[in-house]
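# Structural overview for review
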Amino acid sequence: MNPLRSGIQRVEREAIRHWSGPAPLIPCFIDSEGGVRRLPSRTLEVLCVPNDDPLTSWSVEREALRQLASASQPEADSAVLRMLNLELFFDPVRADAHLRLAAAGVPVLWYIYDFIPFLRPELFPPGSTRHCMHYLRALRGIGGRLAFLSETTRSDYIGRIARLKHPPENAPVITLGADGLGLEQQTFSPARRLFVAIGTVEPRKNPGPLLRAFRQLWDEGIAAPLVVAGRISSDAEDARSFFAQHSGNAYLTVLDQPSDETLRRVLRTARALVMPSEVEGFGLPPYEALHAGIPSIASAALPSAALLQRGAVLLQRMDQESIAAAVRTLLDDTVAAQLWQDAARARLPTWAEFGSALTDWARAA
Amino acid sequence: MTIATFGFVHSTKAPEECLWALDILRGWGVPATLHFVGGLEHMSDRGAALHALIKLLGLSEKVRFAEGFVQEQTYRDYLIGADLSIQLRTYGLGGLSGALMDCAAAGLPTVTNLALAEAVGVPRAYVRAVPNEISPVLVAEALAGLLESGLAARRAEAERRAFSEARSLRNYVRKLCEALSLHPPAAAVNRQAA
């Protein structure tokens with residue numbers, strides 16, 4: 001479990017938190033033999049404890065979940081009324097279990113995040129995609145009860161993964177909530193100088209141009225402080241080297257695996273969020289920042305960009321020059337104030353709305 | 001719809017990805033079969049894992065492997081008779097493929113990966129390149145694209161001829177002599193090429 005609780009884990013936890021029934025969610029997992037095992041209902045409570053609670057630290061939560069897993073009970077396939085899958089998995093045993101349940105007439109419902117490993121393999125080490133194929137094998141066989149994270153994902157499914165002639169019925173896009181950080185509405189002040197980059201630092205998320213853009217600005221004598229907040233991946237060698245070279249730089253702060261409270265504290269002084277990644281399943285950080293009224297500099301190619309039309313600077317290319325130019329522009333108080341005004345008018349879905357839509361879909365599918 | 005892949009089967013030629021690509025194509029309604037025009041002798045497990053995957057995907061009747069050394073006539077028959085070809089390498093660094101060259105010379109519409117396409121210098125009119133980090137989805141998509149373009153039904157003869165001429169032994173010898181600052185009479189070059 002990643003204590004940052006970003007991405008899929010955030011979706012799972014918020015889905016549990018905002019599930020509106022009337023049928024209850026019953027936590028289960030597929031064991032190594034492909035059997036369904038029912039977890040104690042307390043599992044849902046553990047997963048929904050706020051991130052700032054000590055229980056949620058990585059090791060403590062992991063241990064709690066391990067104990068709950070050891071208390072799980074086997075569940076007969078015939079006892080499963082519906083299977084709701086919010087996970088992304090590549091294990092053939094799990095794929096077989098989903099296919100077996102679907103073949104037995106159990107409605108198997110999948111929420112689909114993206115198809116990046118299949119459509120952008122160059123972003124992953126060679127040979128990776130081969131190991132992901134069981135996900136697609138199961139996807140094809142479970143019977144088409146699908147919902148999607150974004151219109152991009154839905155479009156990829158229809159046009160490139162399944163190659164359907166007609167869009168599937170009741171296969172909606174269920175948009176993520178933007179209020180997961182729990183950050184109150186922010187207002188602009190010229191004193192806000194900080195630029196914040198939130199998300200895992202890894203090569204495929206394009207940190208190089210971001211870091212080089214800020215180095216360029218610093219070299220030009222421009223006071224543009226940057227906070228990089230997220231897990232630093234082991235393969236982010238260039239970024240690690242950059243951080244080491246700038247360890248004494250007052251304009252650079254690196255927060256490895258920050259808590260939600262740390263993120264809120266940082267964002268309360270932020271002028272804008274910067275997200276250099278051009279390929280994401282969604283692009284949550286600028287979306288969540290905008291919900292709190294904070295503008296972003298982000299790629300126009302992000303699936304979430306369709307919801308960032310107000311209060312964001314959307315760039316066609318996330319290269320060093322473009323990012324540096326956008327930051328320079330946003331350092332102008334007049335420009336920034338206008339963008340903040342636009343951001344204040346943005347209205348984005350909440351996790352409660354996501355939970356409600358997910359429940360409605362699961363009930364009808 | 002016959003898809004051929006030429007050369008002895010080896011993990012560096014992405015045979016597993018080829019099987020997944022076939023499975024995807026068939027899922028799209030393309031009645032394709034995959035023929036490995038080469039044996040499994042060079043696989044460390046003699047193809048056990050590939051056969052297990054074929055069984056899992058329900059492709060037992062749709063995949064064939066050659067047994068032992070492939071006779072030249074069989075190889076030529078596939079170059080002529082196949083609808084499409086796949087020639088992949090999981091490594092770059094200048095790897096070459098005589099089979100890819102043969103496919104290109106025969107005008108057989110082929111899917112390969114970028115490094116191999118660039119190393120061999122294949123005509124892009126009927127040879128499609130996918131990223132070197134091979135995705136079966138993109139391989140299947142490229143195969144479907146070749147089918148939809150009509151190249152499987154009517155090979156690109158003009159481009160094939162141009163490629164075959166440019167990469168003929170006659171041209172090879174001429175360029176080799178130029179590189180060595182040798183200037184043999186044209187008749188000698190023609191005789192060598194013949």
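Residues numbered from 1 in each chain as written. Chains lettered and ligands numbered in written order. Predicted model: local features only at pLDDT ≥ 70, side-chain atom pairs only at ≥ 80, totals over all residues.

### Brief notes about the overall build of chain A
So the rule is basically this: Working definition: helices are DSSP H or I runs of at least four residues, strands are E runs of at least two. Numbering for both runs from the N terminus. The globule rule used for comparison is 2.2 Å times the number of residues to the exponent 0.38, while the radius of gyration itself is calculated over C-alpha atoms. Each residue is classed by its C-beta neighbour count within 10 Å, where at least 20 other C-beta atoms makes it buried, 12 or fewer makes it exposed, and intermediate counts make it partly exposed; the C-beta atoms are placed from backbone geometry. Two residues form a contact once the distance between their C-beta atoms, set from the backbone, is within 7 Å.
On a plain count of helices and strands, chain A comes out with 14 helices and 12 strands. Here chain A has a C-alpha radius of gyration of 21 Å; the compact-globule value for 365 residues is 21 Å, and the two agree. Considering only C-alpha atoms, chain A reaches an extent of 70 × 50 × 40 Å along its principal axes. Classification of the 365 residues of chain A by burial places 39% in the buried group. For chain A, the share of sequence-separated contacts (at least 6 apart) that also reach a separation of at least 24 residues comes to 73%.

### Thoughts on the overall build of chain B
Secondary structure assignment for chain B yields nine helices and six strands. For a compact globule of 194 residues, the expected C-alpha radius of gyration is about 16 Å, and chain B comes in at 18 Å, within 12% of that figure. Its C-alpha atoms give chain B principal-axis dimensions of about 60 × 35 × 30 Å. Looking at chain B residue by residue over its 194 residues, the buried ones come to 36%.

### Observations concerning the domain arrangement of chain B
Residue and element names in this part refer to chain B. For clarity, the cut-off: Each domain's limits were defined by an automated method or a database of domain assignments. Nonpolar residues are Ala, Val, Leu, Ile, Met, Phe, Trp, Tyr, Cys and Pro. Charged residues are Asp, Glu, Lys and Arg, and all others, Gly as well, are polar.
Assigned domains within chain B: domain 1 (2–155) and domain 2 (157–194). Look at where the C-alpha atoms of domain 1 and domain 2 centre, and you get two points 29 Å apart. Taken residue by residue, the interface counts seven residues in domain 1 and five residues in domain 2. When its residues are assigned to classes, the side of domain 1 that touches domain 2 shows five nonpolar, one polar and one charged.

### Some remarks on helix 12 (residues 320–330) of chain A
Because the α-helix completes a turn every 3.6 residues, residues three or four places apart line up on one side. Residue and element names in this part refer to chain A. Heads up, the rule is: The arc in question is formed by the directions pointing from the helix axis toward the C-beta atoms.
Taken as a whole, helix 12 has its buried residues at Ile323, Ala324, Ala326, Val327 and Leu330. The arc enclosing the buried residues of helix 12, seen along the axis, measures out at 165 degrees, which places them on a common side. Buried residues in helix 12 make contact with strand 7 (194–198), helix 8 (207–219), strand 10 (270–274), strand 11 (296–299), strand 12 (312–315) and helix 13 (333–344).

### Some points on the nonpolar core
Counted only if it meets this: Take the buried Ala, Val, Leu, Ile, Met, Phe, Trp, Tyr and Cys residues, join any whose C-beta atoms are within 7 Å, and the set you get is a nonpolar core.
Ranked by size, the top nonpolar core spans 137 residues in total, and within it Val327(A), Val139(B) and Leu143(B) carry the most contacts. Among the elements that make up this core, the one with the highest residue count is helix 6 (residues 136–148) of chain B (eight residues). Residues contacting Val139(B), with those up to four places away along its chain left out, are Glu17(B), Ala21(B), Ile86(B), Val111(B), Val130(B) and Ile134(B).

### Regarding the environment of Leu267(A)
Residues and elements named next belong to chain A. Looking at where Leu267 falls in the secondary structure, it is placed in helix 10 (residues 260–267). When the C-alpha positions of Leu267 and Val196 are compared, they lie 7.3 Å apart, and in sequence the two are 71 residues distant. Excluding residues that lie within four positions of it along the chain, Leu267 makes contacts with Leu183, Val196, Ala289, Ala292 and Ile294.

### Some details on the sheet that holds strand 7 of chain A
Residues and elements named next belong to chain A. Inclusion rule: Criterion used throughout: strands pair if DSSP finds at least two bridges between them. To get an axis, a line is fitted to the C-alpha atoms, and for a helix only the part in contact is used. The angle between two axes follows their N-to-C directions and goes from 0 to 180 degrees.
Strand order across the open sheet formed by six strands is 9-8-7-10-11-12, with parallel pairing between neighbours. In this open sheet, the two strands that pair with only one neighbour each are strand 9 (252–256) and strand 12. With strand direction ignored, the average angle separating the axes of adjacent strands in the sheet is 20 degrees. Examined bridge by bridge, strand 7 and strand 10 share three bridges and lie parallel to one another. Bridge pairing links Phe195 to Ala272 in strand 10. The strands touched by helix 12 are strand 7, strand 10, strand 11 and strand 12; relative to strand 12, the strand with the most contacts, the crossing angle is about 160 degrees.

### Structural notes on the interface of chain A and chain B
The parts lose accessible area when they come together, and the size of an interface is often stated as this lost area. Facing 15 residues of chain A, the contacting portion of chain B comprises 15 residues. Among the secondary structure elements, those contributing two or more residues to the side of chain A that touches chain B are helix 5 (116–119), helix 6 (133–141) and helix 7 (151–161) of chain A. The class makeup of the residues in the side of chain A that touches chain B is seven nonpolar, three polar and five charged.

### Description of the pairing of strand 6 (residues 145–148) of chain A
Residue and element names in this part refer to chain A. The alternating pattern of strand 6 places Arg145 and Ala147 and Leu146 and Phe148 on opposite faces, both of which are buried. Where strand 5 (residues 108–112) lies against strand 6, four bridges are found, and the strand directions are parallel. Residue Trp110 lies in a different strand from strand 6, and its bridge partner there is Leu146.

### What to know about the environment of Ile294(A)
Residues and elements named next belong to chain A. On the secondary structure map, Ile294 appears in the loop between helix 11 (284–291) and strand 11. Since 28 C-beta atoms lie within 10 Å of it, Ile294 is described here as buried. As for Ile294 and Val227, which are separated by 67 residues in sequence, their C-alpha atoms are 15 Å apart. Aside from chain neighbours lying at most four places away, what touches Ile294 is Gln186, Leu267, Ala270, Ala272, Leu273, Ala289 and Ala343.

### Some points on the domain arrangement of chain A
All names here are of chain A. For chain A, the domain assignment lists domain 1 (7–177 + 351–364) and domain 2 (194–344). Averaged C-alpha coordinates put domain 1 and domain 2 at centres separated by 30 Å. The interface of domain 1 with domain 2 comprises 13 residues on the first partner and 10 residues on the second. Among the elements that make up the side of domain 1 that touches domain 2, the one with the highest residue count is helix 7 (three residues). Residues belonging to the side of domain 1 that touches domain 2 are distributed by class as follows: five nonpolar, four polar and four charged.

### A look at the pairing of strand 8 (residues 226–230) of chain A
Residue and element names in this part refer to chain A. How we decide: With its strands directed away from the observer, a crossover is right-handed exactly when the path from the first strand over the helix to the second travels clockwise.
Of all five residues that make up strand 8, five are buried, and the element is covered over most of its length. Alternating positions in strand 8 separate into two faces, Leu226, Val228 and Gly230 on one and Val227 and Ala229 on the other, with burial throughout. The parallel pair strand 7 and strand 8 is bridged by helix 8, and the resulting crossover is right-handed. Crossover handedness for the path strand 8 to helix 9 (residues 237–245) to strand 9: right-handed.

### Things to note about the packing of helix 1 (residues 15–27) of chain B against helix 2 (residues 48–56) of chain B
Residues and elements named next belong to chain B. Threshold: Each angle receives one of four descriptions, namely roughly parallel if under 35 degrees, roughly antiparallel if over 145, roughly perpendicular if within 65 to 115, and oblique otherwise.
Orientation of helix 1 relative to helix 2, taken along the N-to-C sense of each, is 10 degrees, at an axis distance of 10 Å. With respect to helix 2, the element helix 1 is oriented roughly parallel. Contacts between helix 1 and helix 2 involve Pro15, Glu16 and Leu19 on the former and, on the latter, Leu50, Leu53 and Ile54.

### Let's talk about the confidence of the model for chain B
Spelled out, the test is: pLDDT: the predictor's confidence for each residue, scored from 0 to 100.
When pLDDT is averaged along chain B, the result is 92; 94% of the residues meet or exceed 70. Taken together, the chains of this predicted complex give a pTM of 0.89 and an interface ipTM of 0.89.

### Points about the sheet that holds strand 3 (residues 73–75) of chain A
Residue and element names in this part refer to chain A. A sheet is described by the order of its strands in space; here three strands give the open sequence 1-2-3, paired in antiparallel fashion. The sheet is open, and its two borders are formed by strand 1 (28–30) and strand 3, each paired with just one other strand. Between one strand axis and the next, the sheet turns by 40 degrees as a mean value, whatever way the strands run. Bridging between strand 1 and strand 2 (residues 36–38) involves three bridges; their strand directions are antiparallel. In the sheet register, Ile30 faces strand 2, and the bridge partner there is Val36.

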